[in-house]
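Commentary on secondary and tertiary structure
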Amino acid sequence: MATNISLKQLKVFIAITQHDTLTAASEALFLSKAAVSMALSELEKQIGHSLFDRVNNRLILNQEGQKLLPLADEIIERAQGIEQLFDNNQALSGQLRIGASDTIGNQIAPYLLSDFRRETSHLSQSLFISNSALICEKLVDYELDLALIEGKTLHPQLISTQFSDDEMCVVCAPNHPLARQSNVTVGELENSDWILREPGSGSREFFLRVIAPRIEQWQESFQLNTTEALINSVSAGLGLGCLSKLAAEPALHDGRVVELKLPLDMKRRFWLLVHKEKYQSPLLKAFIEYCHQWRKD
């Protein structure tokens, strides 16, 4: 088998896996569609297998393509490492693509990244914030290097380790009948309306796992996809909310919402996720170690 596989062909291959069409991949690479198409067919010819299934103008990674993806990702990362090795004497080099679920992305990652930058002088990171489910999807597809999420994932291709923890809380509007009570029993939550985040979100998963099974009658009055909207809806009296205490802190401090003290264990863990087959560059290794020893003051 000929082994004249080039870095350009592998870059094209990775771009197509991330963008699904030749047009989108060519735009991302600043190449013509013809050049992208040619690089892919040359690669497939050299390997002796097609790497994608063609479905209505879209290219879907097939089994052979899935075998190649971790290796292609590693080769590109290592090639970048070689370029940067002689570029300057910066200890850590390369680009780090971090995914974070909502609470971590908004309340923790900014401080974590600021400390990491100050300590290592490495400034090239990107942060993608979404719900845990989408973050895991992007990690599996090699669109992110690592992820920091709230709920545990059992995805077979991902390794998860705990890196921190968090406390959840239940909040209500200041004029809610339960707001004046110093302690609330779970029984007093019967027939309550709840404002929840969307499916795939860590705080929704926590509510459904820890609180919902203990209430016989409850209704979902609203489903929202941002924490800020959830807090405002609770404050407006549309229902109770369950969210991270870190995220609720400013609103609790301002008196926009009130915390209900429940006799439940409201602790949850924060997890760091990486793909099992992901090549761990010195930069990625350093960041993972940093996350494990870092605590938000």
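As recorded in an unreviewed UniProt entry, the protein goes by LysR family transcriptional regulator and comes from Vibrio brasiliensis LMG 20546. What the UniProt record of the protein gives under Sequence similarities (unreviewed entry) is the line "Belongs to the LysR transcriptional regulatory family."

Once that is clear, we can look at the UniProt feature "domain: HTH lysR-type" (unreviewed entry) in the protein. On the UniProt side, "domain: HTH lysR-type" (unreviewed entry) is annotated at positions that read residues 5-62 here. This span, residues 5-62, is 62% helix and 14% strand, and a straight line between its end C-alpha atoms measures 19 Å.

With that settled, consider the domain arrangement of the protein. According to the domain assignment, the protein contains domain 1 (7-85), domain 2 (96-164 + 269-293) and domain 3 (166-266). For domain 1 and domain 2, the distance between their C-alpha centres works out to 24 Å. The partner domain 2 presents nine residues to the seven residues of domain 1 that form the contact. Between domain 1 and domain 2, a total of about 810 Å² is buried, with carbon and sulfur atoms accounting for 51% of that surface. In terms of surface lost to domain 2, no three residues of domain 1 exceed Gln-18, Pro-70 and Glu-77, which account for 54% of the buried area on that side. Across the domain 1-domain 2 interface, the total number found is two salt bridges. Here Lys-278 and Glu-77 are joined by a salt bridge, their closest N and O atoms 3.0 Å apart. The interface formed by domain 1 and domain 2 holds three residue pairs in polar contact (both at pLDDT 80 or more) in total. Broken down by element, the residue count for the side of domain 1 that touches domain 2 peaks at six residues, all from helix α4 (residues 63-85). When its residues are assigned to classes, the side of domain 1 that touches domain 2 shows two nonpolar, one polar and four charged.

Next up on the list: the pattern of salt bridges. Applying the stated criterion across every chain yields a total of 20 salt bridges. The salt bridge partner of Asp-166 is Arg-268, with a shortest N-O separation of 2.9 Å. Note that Asp-166 is positioned in strand β6 (residues 158-172) and Arg-268 in strand β11 (residues 267-275), a separation of 102 residues in sequence. The exposure classification of Asp-166 matches that of Arg-268, with both residues buried. Where Lys-267 meets Glu-167, a salt bridge forms, and the shortest distance between an N and an O atom there is 3.6 Å. Of this pair, Lys-267 sits in strand β11 while Glu-167 is found in strand β6, placing the two residues 100 residues apart along the sequence.

How each quantity is defined
- Residues numbered from 1 in each chain as written.
- Predicted model: local features only at pLDDT ≥ 70, side-chain atom pairs only at ≥ 80, totals over all residues.
- Heavy atoms only, no water.
- UniProt positions renumbered as here; feature names shortened; annotations may be inferred.
- Helix = DSSP H or I, 4+ residues; strand = E, 2+ residues; numbered from the N terminus.
- Domains from an automatic or database assignment.
- Contact = heavy atoms within 4.5 Å.
- Buried area = accessible area lost by both parts, 1.4 Å probe.
- Salt bridge = Lys/Arg side-chain N within 4 Å of Asp/Glu carboxyl O.
- Polar contact = N/O pair within 3.5 Å; in protein donor to acceptor, adjacent residues only side chain to side chain.
- Nonpolar A, V, L, I, M, F, W, Y, C, P; charged D, E, K, R; others polar.
- Buried < 20%, exposed > 50% of the residue type's maximum accessible area, 1.4 Å probe, protein only.

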